[in-house]
Amino acid sequence: MSDEALVALFGVLVTLVLTSGSIFYLAKQTKAAVEQAKAAHQQVESGIRMAAVAANDTVLGALREIHLLMIERPALRPYFYGGKSCPENDPLCAEVVTVGELLADIMNQGIVTHEANPQSTSADPWDDYCRTTLASSPVLRELIAAHPKWWPDLPARCPTQP
């Protein structure tokens, strides 16, 4: 074999070795990039879950405040969970309406929070809570009927009248 052929063969071998090395290095980089992307995706999902939990906790904290108020003022509870109406001459009417507005705010915010976080496992229980509470509270139904744009997600959850 001539010297030129040997040099050419050597050049081809060097090129193959360098190309193989480059391909191996590129494969390692690709694997590392995929692992980084998976880790970043898991961090994003974890962050989304944490945000959903925090948002839900905020709503539940506000609901706890209403329930604590009802513990302090037990006469309020029947207007929201006991089917009691609130005629204008009722001495508690202004207080009941104000608590009703607060409760409607919390209920609507809970719905918005769950819709913004579809992976939440408490969306169905929250929806059930809203529907049940609206069914048992003429005060809330009257407030929502009078101001449907204040709580846009609640009218559809109010029971239909026969």
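Predicted model, so just to flag it, every value in this text is computed and none were measured.

Calculation criteria
Residues numbered from 1 in each chain as written. Predicted model: local features only at pLDDT ≥ 70, side-chain atom pairs only at ≥ 80, totals over all residues. Heavy atoms only, no water. Helix = DSSP H or I, 4+ residues; strand = E, 2+ residues; numbered from the N terminus. Expected span 1.5 Å × (residues − 1). Buried < 20%, exposed > 50% of the residue type's maximum accessible area, 1.4 Å probe, protein only. Arc of directions from axis to C-beta. Salt bridge = Lys/Arg side-chain N within 4 Å of Asp/Glu carboxyl O. Phe/Tyr/Trp six-rings, centres within 6.5 Å; stacked < 30°, edge-to-face > 60°. Axes fitted to C-alpha atoms, helices over the stretch in contact; angles between N-to-C directions. Parallel < 35°, antiparallel > 145°, perpendicular 65-115°, else oblique. Contact = heavy atoms within 4.5 Å. Nonpolar A, V, L, I, M, F, W, Y, C, P; charged D, E, K, R; others polar.

**Side note on helix H4 (residues 123–135)**
For H4, spanning 13 residues, the distance from its first C-alpha to its last is 18 Å, which sits close to the expected 18 Å at 1.5 Å a residue. Looking at H4, one finds that the buried residues are Trp 126, Asp 127, Tyr 129, Cys 130, Thr 133 and Leu 134. Down the axis of H4, the buried set is contained in an arc of 155°. They therefore lie on one face.

**Looking at the pattern of salt bridges**
Evaluated as defined, the whole model comprises 4 salt bridges. Between Asp 127 and Arg 131 there is a salt bridge, with its nearest N and O atoms 2.8 Å apart. Placement of both Asp 127 and Arg 131 in helix H4 is noted, with a separation of 4 residues, approximately one turn of the helix. Its salt-bridge partner being Arg 157, residue Asp 127 comes within 2.5 Å of it at the nearest N-O pair. Here Asp 127 is found in helix H4, whereas its partner Arg 157 is found in the segment after helix H5 (138–146), with 30 residues between them in sequence. Here the two residues Asp 127 and Arg 157 agree in accessibility, since each one is buried. Overlapping salt bridges bring together Asp 127, Arg 131 and Arg 157 as one network.

**Some words on the packing of aromatic side chains**
Evaluated as defined, the whole model comprises 3 aromatic pairs. Centre to centre, the rings of Tyr 81 and Tyr 129 are 6.4 Å apart; their planes meet at 50°, and the pair counts as tilted. Of the two residues, Tyr 81 sits in helix H2 (residues 78–81) while Tyr 129 sits in helix H4, which places them 48 residues apart along the sequence. Between Trp 126 and Tyr 129, the ring centres sit 5.3 Å apart and the planes meet at 40°, which makes this aromatic pair tilted.

**A few points about the packing of helix H3 (residues 93–116) against H5**
Taken N-terminus to C-terminus, the directions of H3 and H5 make an angle of 75°; their axes are 10 Å apart at the nearest point. The pairing of H3 with H5 is recorded here as roughly perpendicular in orientation. For the pair H3 and H5, contact is made by Val 96, Val 97, Gly 100, Glu 101, Leu 103, Ala 104 and Met 107 and by Val 139, Leu 140 and Leu 143, respectively. Across the contact of H3 with H5, the residue classes tally to 8 nonpolar, 1 polar and 1 charged.

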